[in-house]
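# Per-entry structural report
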Amino acid sequence: MDPVEEQHLAWLARSFGRTDYLPLTAADLAALSDAGSYVEKYPGTYLFREGADSDAAYVLRAGDVELSRDRKSGSLVVGRVGPGAVIGDIALLRGEPYISSARAVSPVEAFRLDRSKLLPVLFEHPRIAIRWLVAGLNQLESTQRRVLRLMRGTVKEQVAEMMLDEADRYGDLHLSQASLAGLLGASRQSVNQALSQLRDEGAVETGYRVISRADGAALEAAAGR
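Residues numbered from 1 in each chain as written. Predicted model: local features only at pLDDT ≥ 70, side-chain atom pairs only at ≥ 80, totals over all residues. Heavy atoms only, no water.

This brings us to the sheet that holds strand β1 (residues 36-41). The sheet built from four strands is open, its strands ordered β1-β8-β3-β6 with antiparallel pairing. The outermost strands of the open sheet, each flanked by one partner alone, are β1 and β6 (86-87). As judged from the six bridges shared by strand β3 (residues 56-62) and strand β8 (residues 108-114), these two strands associate in the antiparallel manner. Its bridge partner being in β8, Ala56 is matched across the sheet by Asp114. Taken strand by strand, helix α4 (residues 115-124) contacts β3 and β8, and its axis lies near 65° from that of β8. (Pairing = 2+ DSSP bridges. Helix = DSSP H or I, 4+ residues; strand = E, 2+ residues; numbered from the N terminus. Contact = heavy atoms within 4.5 Å. Axes fitted to C-alpha atoms, helices over the stretch in contact; angles between N-to-C directions.)

So, about the packing of helix α1 (residues 3-14) against helix α2 (residues 26-34). Where α1 meets α2, the axes come as close as 10 Å, and the angle between the chain directions of the two elements is 95°. By the criterion of interaxial angle, the relationship of α1 to α2 is roughly perpendicular. Of the residues in α2, those touching α1 at Glu5, His8, Leu9, Leu12 and Ala13 are Leu29, Leu32 and Ser33. (Parallel < 35°, antiparallel > 145°, perpendicular 65-115°, else oblique.)

Along any regular strand the residues' side chains alternate between the sheet's two faces. Across the seven residues that make up β3, a large majority, five, are buried. By the bridge criterion, two bridges tie β3 to β6 in an arrangement that is antiparallel. For Val59, the partnering residue across the bridge sits in β6 and is Val86. (Buried < 20%, exposed > 50% of the residue type's maximum accessible area, 1.4 Å probe, protein only.)

Below, the structure is given as structure tokens:
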């Protein structure tokens, strides 16, 4: 096996649940690898659209994807995910259309798992099925914890919490203020006011479609941690 293939299989093994829980066998990894292929998406293009047939699930290897739902008033951002996330799998496993659209906001590389190939793998390889379940439960728990944290505070505390949890390794949150308002379920005006307060306190710096963490301690104080 060449080094590239070894790296690919090692990445797949890490992408589904705890690596110390039911280790995947070589046969498991080979079957999972054969069920999909890599795709690349440029910013602004879609991995899938809301309402379309759920013919694949995606494991993000690089880049960020914005999840949104269509409303009469326009597109509503409901989430943003990055490397390691699995998207589209709930609709796929339920045999229903995608419930949201997934749009690349940066160059994206993802492993696309075809429905017609993935389902037989899950039936025939119980370790993969259980690891997939664990990975899904981990994402669900993380989402629930985040929702509970965001529900309990003011808009300013919610914005600070979002910055602490979602900023990249450089301390930047690549969201427009409109998208941030949609994620928090708040008005754009209230988000603008919260950002102004955080900026005045020296906790953040704002730019075009990016909010940067200026002072981590100040952000934690603003979030009530």
